[in-house]
Amino acid sequence: MADEPENKKKKMEIKEGILFGMGNPLLDITANCDEDFLKKYDLKTDNAILAEEKHKPLYQDMIDTYQHVEYTAGGATQNSMRVAQWLLGVPKIATFMGCIGKDKFGEILKQKATEIGVAVHYQYNDAEPTGTCATLVTGKYRSLCANLAAANCFTKEHLDEKLHWELVEKAQFYYVSGFFLTVCPPAIQEVANHACSHNKMFMMNLSAPFLSQFFKEPLMAAMPYIDIIFGNETEAATFGKEQNLGEDDIKEIALKVIALPKENKARSRIVVFTQGPDPVLVATDGKVTEYPVIPLADKDIVDTNGAGDAFVGGFLSQLVQGKPIEDCVRCGNYAAHLIIQRSGCSFPEKPDFK
């Protein structure tokens, strides 16, 4: 037993394809807007929803109304894979699957992901265009409205193809954003089962309040397989309320989430809740640890869009190297701190994380 701490310190070799992500690849269309524009489409600040029929004109309206509109590769899981890949600096450590259309937006998405080193294995849909996400920035807050389109068409059959399943088998760490619960729960369950039966690490994100409210069944079907679950304080409070775990004390919710039933008894569940400028909460083995974030003045915040995705990407970049949780959180905070000083989930050419 005396050697155990030393063994835990050993750095895990970073192998190609060690990290596998699955989610909704979207092209983010970003514009700075005012409250009246949000009200026009019944949108709220600092929120994320799926587009309804009334939101369909939104995307063209943004382009027509605002002079400076930016296009960036997006989608929560793909963002996290890009950030992790950027931090690791070795090509094809991260593999990503999702569904896109056969169009120009899809080509842009693939280019953006592959130029940073992510190995993308998209499913292509002939009938639907590549998904888009309106990112409406008001001050330092953002409102997301996603039109999944082709992203909504991912099927388990794509995952089951021999070449693609070999990529699943090759990985040791799996991350799926909660948004994918609306698209293909069978694919989530298949990957979760594989991770559990091979003692690999399966991770998910609460992602948005509406998922805990309206997609409880697939979320709670996946929960027993989740080794690490991420979320922010709003998502945690909503999950707590919907699952009768309380909604006022985020620490208490975190402790109750780690105690939920778990299939793989070989490792304890870890809950990671971010709280904006307040400390990150990490719960495991019956206790909660607080990790302070890097301070940032309000005037330096450009765009909070992608902060959560960046945090996860930073966290994963250290996790796949076998680093301790405190290093994972520290890198998550570094990545989030960097991204919110930029527009969208973008980053400089080289990281300077130490």
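1. Focus on the overall build of the protein
- Across its full length, the protein holds 14 helices and 16 strands.
- In terms of overall dimensions, the protein is globule-like: its C-alpha atoms have a radius of gyration of 19 Å, near the 20 Å expected for 354 residues.
- Oriented by its inertia axes, the alpha-carbon framework of the protein measures out at about 65 × 45 × 40 Å.
- Considering the protein as a whole, with its 354 residues, one finds that 55% of them fall into the buried category.
- Carbon and sulfur atoms form 50% of the exposed surface of the protein, whose accessible area is close to 15800 Å².
- Taking the average location of the 37 positive side-chain charges in the protein and that of its 48 negative ones, the two points are 5 Å from each other.

2. Description of the sheet that holds strand 14 (residues 270-275)
- The nine strands lie next to each other as 7-5-1-11-12-13-14-15-16, forming an open sheet whose pairing is mixed. Edge positions in the sheet fall to strand 7 (119-120) and strand 16 (287-291), since each has one partner strand and no second.
- When strand 11 (residues 173-176) meets strand 12 (residues 201-205), the two strands line up parallel, connected through four bridges. Across the sheet, residue valine 176 finds its bridge partner in strand 12, namely methionine 204.
- Lying over the sheet, helix 7 (residues 162-170) contacts strand 1 (19-22), strand 5 (94-97) and strand 11, oriented at roughly 135 degrees with respect to strand 5.

3. A short note on the confidence of the model for the protein
- Predicted confidence across the protein gives a mean pLDDT of 92, with 96% of residues reaching 70 or more.
- Segment residues 1-11: pLDDT under 50, and three contacts once partners within four positions in sequence are set aside and those in other chains are kept.

4. Looking at the pairing of strand 1
- Of the two faces of strand 1, the one lined by Leu19 and Gly21 and the one lined by Phe20 and Met22 are each fully buried.
- Pairing analysis gives four bridges linking strand 1 to strand 5, with the strands arranged parallel. Residue pairing for strand 5: leucine 19 is matched across the bridge by alanine 94.
- Examined bridge by bridge, strand 1 and strand 11 share four bridges and lie parallel to one another. Paired with phenylalanine 20 across the two strands is tyrosine 174, which belongs to strand 11.

Cut-offs applied
Residues numbered from 1 in each chain as written. Predicted model: local features only at pLDDT ≥ 70, side-chain atom pairs only at ≥ 80, totals over all residues. Heavy atoms only, no water. Helix = DSSP H or I, 4+ residues; strand = E, 2+ residues; numbered from the N terminus. Rg over C-alpha atoms; globule rule 2.2 N^0.38 Å. Buried < 20%, exposed > 50% of the residue type's maximum accessible area, 1.4 Å probe, protein only. Areas by Shrake-Rupley, 256 points an atom, 1.4 Å probe, with all protein chains shown as cover. Lys, Arg positive; Asp, Glu negative; His and termini not counted. Charge placed at Lys NZ, Arg CZ, Asp CG, Glu CD. Pairing = 2+ DSSP bridges. Contact = heavy atoms within 4.5 Å. Axes fitted to C-alpha atoms, helices over the stretch in contact; angles between N-to-C directions. pLDDT = per-residue confidence, 0-100.

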